[in-house]
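These are the residues of each chain, in order.
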Amino acid sequence: MSTSPQGARPRVVLGVAGGIAAYKAALLLRELTETGHDVRVVPTASSERFVGRATWEALSGNPVTTDVWDDVPEVPHVRIGRHADLVVVAPATADLLARAAHGLADDLLTNVLLTATCPVLLVPAMHTEMWLNAAVQDNVALLRRRGVTVLDPASGRLTGADSGPGRLPEPADIAAACRRLLAGGARGRDLAGRRVVVSAGGTREPLDPVRFLGNRSSGRQGVALAAAAAARGAAVTLVAAHLEVPVPAAVEAVHVGTALELRAAVRAAAEGADVVVMAAAVADFRPATRSDAKIKKGDDPARDPVVLLERNPDVLAELVADRTGRAPLLVGFAAETGDEDGDVLEHGRAKLARKGCDLLVLNEVGERRGFAEPVNAVTLLGADGTEREVPEASKDVVADAVWDAVVPMLTP
Ligand code: CTP
């Protein structure tokens, strides 16, 4: 692979397939060029029915060709793919996904996809029925298994009166996914072909239809872990409990409310996964009863309600206990404060032993550290006795440090 020299503008190939959402690719192109990327647009022939070559040439400042017979002495079908730092196809139609999955090479874009050694991002857009069709879903699964990042389409209004999953995600979201992949490229795609599950956020345990017992987790660290894993090539399922930050475009999200819902979602996603990271703050207790109607104050303070709590299952401990042959690697989190029984590290070591997971990400909570902060400082405790300190850094940097520790622990 020949990538951009240090300091040069990252080279992005923007493939555009023949769907109505091709017009949104013009906005993506604009965003990428304005943020310092050198973009070469490779449309398919049918996409030119939606947006013409002149638009791409004017916006990118680069020549545009669609088939391998243009400009033959330059051997563009090999050169363009080889020299790219990232190939993004938006929109990717059902036809383009099928051709990419099966290695066809009948136009310039599919040739570029076969010669590219850099990260590849496909952004599907199509009608809901087409997206949900088993053939399309199988092609997407096959591409993801090979390490291609395929975004899930957004839900909403489609071309006609219909609405549902199938919309092209917003150009700003696609550009963010591009930046993440380009950043991850520096580290390599060392999680390509891996399936990763990350739980993030905090569960809420309802008392009545309007009240709940919750916690202060924002989900930032879990979301950073999910985004970093996707940038490093993993297929990521994010089990999301009340996040304060958006779900990154490159991951599949399953939204949950309570600890019991989170447990069911994590257990389902963990089937066949390589790693499960339990970054979520899971409530240890839930109200023993949940009132169907809003609890009223009443006139007599002596009859004020008393909340009885019931223990929730420990999701991480259950995963450890259920471990069989090809079980996923298990990563736990522990937010601790020191007390008279021991300091943060002592509590962390004890929790690692108690939980039995493979790696524990220990962080001290308090002051400017921990919940809702953009920065974090952690110690990574391995089941093999290794201890690695990650000094205060952004949650994105901490996320990469966690994956740096996980990758060598994975079975080849
Ligand atoms: N966890 C879990 N299920 C629970 C509680 C916690 O899977 N019901 C997971 C968390 O996601 C985290 C790890 O266990 O990865 C440690 O969570 P923590 O709340 O620190 O552990 P507890 O065992 O509840 O210990 P403590 O008594 O300190 O709260």
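Computed from a predicted model, the values in this text were never measured in an experiment.

Student: Break down the domain arrangement of the protein for me, citing the residues and quoting the values.
Tutor: Domain parsing of the protein yields domain 1 (11-189) and domain 2 (195-409). At the interface, eleven residues of domain 1 touch twelve residues of domain 2. Both sides of the domain 1 and domain 2 interface together cover about 1000 Å² of buried area, and 55% of this is carbon and sulfur. Scanning the region where domain 1 abuts domain 2 turns up zero salt bridges. If you look at where domain 1 meets domain 2, you find zero residue pairs in polar contact (both at pLDDT 80 or more).

Student: Help me get a handle on the site of the ligand, residues and values and all.
Tutor: Taken together, 14 residues are adjacent to the ligand, and Met-278, Ala-280, Leu-316, Phe-333 and Lys-351 come closest. Within the side chain of Asp-314, one N or O atom sits 3.5 Å away from a nitrogen atom of the ligand. A distance of 2.8 Å is found between an oxygen atom of the ligand and a backbone nitrogen or oxygen belonging to Phe-333. In isolation the ligand has 570 Å² of accessible area, and contact with the protein removes 76% of it. More than half of the atoms belonging to the ligand lie within 2 Å of the grid points that define the largest pocket. Elements represented by at least two residues in the shell around the ligand include exactly helix 11 (315-321), strand 16 (329-336) and helix 12 (344-355).

Student: I'd like a description of the side chain of Thr-237, backed by residues and values.
Tutor: Along the polypeptide, Thr-237 turns up in strand 11 (residues 235-241). Accessibility expressed as a relative area gives 7% for Thr-237, which makes it buried. Each residue touching Thr-237, except ones within four places of it in the same chain, is listed here: Arg-195, Val-196, Val-197, Val-198, Glu-252, Val-254 and Ala-269.

Student: Before we move on, could you go through unusual backbone geometry and cite the residues and values that matter?
Tutor: A cis amide bond, omega 0°, links Ala-90 with the succeeding residue Pro-91. Positionally, Pro-91 belongs in strand 3 (residues 86-92). Non-glycine residue His-242 carries a positive phi angle of around 55°.

Student: Account for helix 4 (residues 94-101), with residues named and values stated.
Tutor: Burial of helix 4 is extensive: six of the eight residues sit out of reach of the surface. Burial in helix 4 covers these residues: Ala-94, Leu-96, Leu-97, Arg-99, Ala-100 and Ala-101. For helix 4, the secondary structure elements touched by its buried residues are strand 3, helix 5 (108-115), strand 4 (120-124), helix 6 (128-132) and helix 7 (134-145). Positive backbone phi, at 70°, marks Gly-103, one or two positions downstream of helix 4.

Here is what the cut-offs are and how they apply
- Residues numbered from 1 in each chain as written.
- Predicted model: local features only at pLDDT ≥ 70, side-chain atom pairs only at ≥ 80, totals over all residues.
- Heavy atoms only, no water.
- Domains from an automatic or database assignment.
- Contact = heavy atoms within 4.5 Å.
- Buried area = accessible area lost by both parts, 1.4 Å probe.
- Salt bridge = Lys/Arg side-chain N within 4 Å of Asp/Glu carboxyl O.
- Polar contact = N/O pair within 3.5 Å; in protein donor to acceptor, adjacent residues only side chain to side chain.
- Near = heavy atom within 4 Å.
- Areas by Shrake-Rupley, 256 points an atom, 1.4 Å probe, with all protein chains shown as cover.
- 1 Å grid on protein atoms, 1.4 Å probe; cavity = no way out; pocket = protein on both sides within 12 Å on 5 of 7 lines; lining within 4 Å.
- Sits in = over half its atoms within 2 Å of the grid points.
- Helix = DSSP H or I, 4+ residues; strand = E, 2+ residues; numbered from the N terminus.
- Buried < 20%, exposed > 50% of the residue type's maximum accessible area, 1.4 Å probe, protein only.

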